[in-house]
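# Survey of secondary and tertiary structure
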Amino acid sequence: MGRTASEKWPPRFPASRGPLPLRRAPPEGVLFHLGDGPAMKNGKKNVATVRCVTMKSMTNLSAPLPRIALVATGGTIAGAGAEGEPSAAYQAAVVGASDLIARVPQLARLAQLQTEQLLQIDSADFTDDKLLLLARRVAALCAREDVDGVVITHGTDTMEESAYFLHLTVRSSKPVVVTGAMRPGTALAADGPANLVHALAVATHPSTQGRGVLVVMNEEIHSARDVAKVHAMRLDAFVSPHGALGLVVEGVPRWYRQVARPHTTQSEFDITTLDALPLVGLVAGHGNMRAEIFDAWVAAGVRAIVYAGVGGGTVPSYLRGHLVALRDRGVWLVRATRTGAGPVIRNANADDDAHGWIVTDDQSPARARLLTALALTRHDDAASLQKVFLRY
Ligand SMILES: NC(=O)CC[C@H](N)C(=O)O
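These notes cover the structure that comes with them. Note that this is a predicted model, so its numbers are computed, not measured. For every chain, the first residue of the written sequence is number 1, and numbering continues from 1 onward in sequence order. Only residues with pLDDT of at least 70 are given local features in this predicted model, and only at 80 or more are side-chain atom pairs given and counted; all residues enter the totals for whole chains, interfaces and linings. As a convention, hydrogens and water are excluded, and side-chain values are obtained from all of the structure's heavy atoms.

## Regarding the overall build of the protein
Put simply, the rule is: Strands here are runs of E lasting at least two residues and helices are runs of H or I lasting at least four, both read from the DSSP assignment and numbered beginning at the N terminus. Only protein chains enter the accessibility calculation, which uses a 1.4 Å probe; a residue is then buried when its area is under 20% of its type maximum, exposed when over 50%, and partly exposed in between. Should any heavy atoms of two residues lie within 4.5 Å, those residues are counted as being in contact. Computed with the Shrake-Rupley method and a 1.4 Å probe, the accessible areas treat only the protein chains shown as cover for residues.
Looking only at helices and strands, the protein features 11 helices and 14 strands. Looking at the protein residue by residue over its 392 residues, the buried ones come to 51%. Put simply, of all contacts in the protein between residues at least 6 apart along the chain, 71% involve residues at least 24 apart. On the protein, roughly 17300 Å² of surface is accessible, and the fraction owed to carbon and sulfur atoms is 53%.

## Regarding the pattern of salt bridges
Pairs can form between side chains of opposite charge once their charged atoms are near each other. Let me state the cut-off plainly: Salt bridges are defined as contacts in which a side-chain nitrogen from Lys or Arg sits within 4 Å of a carboxyl oxygen from Asp or Glu.
The final tally for this structure, using the stated rule, is 16 salt bridges. Here Glu161 and Arg369 are joined by a salt bridge, their closest N and O atoms 3.8 Å apart. Within this pair, whereas Glu161 is found in helix α5 (residues 159-169), its partner Arg369 is found in helix α10 (residues 365-376), the two being separated by 208 residues in sequence. Residues Glu161 and Arg369 agree in their burial class; the two are buried. The salt bridge partner of Arg234 is Asp236, with a shortest N-O separation of 2.9 Å. A residue is classified by how much of its surface remains accessible, and Asp236, at 35% relative accessible area, is partly exposed. Each of Asp128, Glu161 and Arg369 takes part in a single network of salt bridges with overlapping partners.

## Considering the site of the ligand
This is how it is decided: Nearness here has a simple test: a residue counts as near a molecule or strand if at least one of its heavy atoms is within 4 Å of that partner. Whenever two N or O atoms come within 3.5 Å, that pair is a polar contact, provided that in protein one can donate a hydrogen and the other can accept it, and provided that, for residues adjacent in sequence, both atoms are side-chain atoms.
For the ligand, the full set of nearby residues is Gly75, Thr76, Tyr90, Asp122, Ser123, Gly155, Thr156, Asp157, Ala181 and Met182. A distance of 2.5 Å separates an oxygen atom of the ligand from a polar side-chain atom of Ser123. Take Thr156: an N or O atom from its side chain is 2.6 Å from a nitrogen atom of the ligand. In isolation the ligand has 290 Å² of accessible area, and contact with the protein removes 92% of it.

## Some remarks on the pairing of strand β11 (residues 280-284)
Threshold: DSSP bridges decide pairing: two strands pair if at least two such bridges lie between them. By the criterion used throughout, a crossover qualifies as right-handed when its path from the first strand across the helix to the second strand runs clockwise, the strands pointing away from the viewer.
Alignment of β11 against strand β12 (residues 304-309), held across five bridges, turns out to be parallel. Across the sheet, residue Val283 finds its bridge partner in β12, namely Tyr307. Handedness of the β-α-β unit built from β11, helix α7 (residues 292-300) and β12 comes out right-handed.

## Overview of the packing of helix α4 (residues 128-142) against α5
Each pair of packed helices gets described by two things: the angle between the helix axes and the distance between those axes. Selection criterion: Angles run from 0 to 180 degrees between N-to-C directions of axes, and those axes are lines fitted to C-alpha atoms, restricted for helices to the stretch in contact. To sort the angles, those under 35 degrees are grouped as roughly parallel, those over 145 as roughly antiparallel, those from 65 to 115 as roughly perpendicular, and the leftovers as oblique. With the far helix as reference, a near helix turned anticlockwise by less than a right angle produces a left-handed crossing, and one turned clockwise produces a right-handed crossing. Lys, Arg, Asp and Glu make up the charged group, whereas Ala, Val, Leu, Ile, Met, Phe, Trp, Tyr, Cys and Pro make up the nonpolar group; the residues left over, Gly among them, are polar.
Look at α4 against α5: their axes get within 10 Å of each other, and the N-to-C directions meet at 50°. For the element pair α4 / α5, the angle class is oblique. Helix-helix and strand crossings are classified by hand; for α4 and α5 the assignment is right-handed. Here α4 contributes Leu131, Leu132, Leu134, Ala135 and Val138 to the contact with α5, which in turn contributes Ser162, Phe165, Leu166 and Thr169. A class-by-class count of the residues in the contact of α4 with α5 yields seven nonpolar, two polar and no charged.

## Examining unusual backbone geometry
Trans is the common state for peptide bonds, and a negative phi is the common state for residues other than glycine. Although it is not a glycine, Ala189 sits at a positive phi angle of roughly 50°. Inspection of the secondary structure assignment puts Ala189 in the loop between β4 (176-179) and α6 (192-203). According to the relative accessible area criterion, Ala189 is exposed, its value standing at 53%.

## Thoughts on the sheet that holds strand β1 (residues 67-74)
One open sheet accounts for eight strands, arranged β2-β1-β3-β4-β5-β6-β9-β10; its pairing is mixed. In the strand order of this sheet, the two ends are held by β2 (112-121) and β10 (252-255), each with one partner. With strand direction ignored, the average angle separating the axes of adjacent strands in the sheet is 25°. Where strand β5 (residues 214-217) meets strand β6 (residues 220-223), four bridges bridge the pair, whose relative direction is antiparallel. Following the sheet pairing, Val216 is matched in β6 by Ile221. Set on the sheet, α4 makes contact with β1, β2, β3 (149-153) and β4; between it and β2 the angle comes to about 170°. Packing of α5 onto the sheet brings it into contact with β3, β4, β5 and β6, and relative to β4 it is tilted by some 175°.

## Quick look at the environment of Val239
Structurally, Val239 can be placed in strand β8 (residues 238-239). Classification of Val239 by relative accessible area gives partly exposed; the value is 38%. On a C-alpha basis, the gap between Val239 and Gly192 in space is 18 Å, while along the polypeptide they are 47 residues apart. When neighbours within four sequence positions are excluded, Val239 is seen to be in contact with His222, Asp226, Val227, Ala228 and Val230.

Structure representation (structure tokens):
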């Protein structure tokens, strides 16, 4: 009987690649070298060797592996197409979670994995109810004593939104790492297996605790606060405007930065009692805009509209009156920038104080939608809503 596409996932990933099969990853910054070289000069153990031996006993090779919950939600990492076809010709979200991990033997050397298929969707289909489902599930897993961390596989298209939502709502310092793939497992040089191994390497490392939700793609570790998919095809599609937090080097996270804004355990947002998120719309800025698009969102029942404005969030002069009147219709206007980076500055380009408008600081329009929705669960005045954007 012929094998299905999913059984072949991934087709080419040599078992010899990936991080060293350490039972526990060495502490960050410590050289963990068990080979020869300077440590064995003249056949004598020098100081470096003693340190290695000490580290070996500290890392306790017989200790049980970290227990990681792997939550699969679909996307290209779970995609498959015909062998040898161009990588764009495939179907996302068809390979099951257990098939996904069965094809990457390195994973079992890094962690005891509990796998679950929470969703099997293209990430474009992530609606707010699915986002709440994911966040509640991840929070529940983090709260369990038999779970040391969570890895989520996710489509890349809306990965930055889901990761940010988890960053603001999962009240745990345990590692939560989101990963995916730009190419399906059937593509030449599929990136899913390496991304999964690296995500697990980050999630199992003691230095990852308390850093908020992370996105691990293409050997880089990004904060969910900042990362965005900025290319539709390339493997290096994920970029953070202020730089990645770190890299996965030889299977071990190496950190260069940390997030300054509150998240997870310091977040004020509580989704445990929420039935649904407040509805927030998003309107793209461009030349020759029309007021009707804002009216359509008002008719849909939004509490706020994020305007992804040109430049520093500039409102066209011919729309100003219409957007000022949104406050009288019970709708907040949140000015963002469509440029992809940089702050929208309050009372610059617009009289935000007079109009009761909010600015996003440097938050991307897509994430600003989520932060606005969460902010509206706690605040309903301009000063408090504005503070949320300057704080998170
Ligand atoms: N590379 C990807 O994961 C994109 C595939 C798909 N559209 C998704 O986001 O789920």
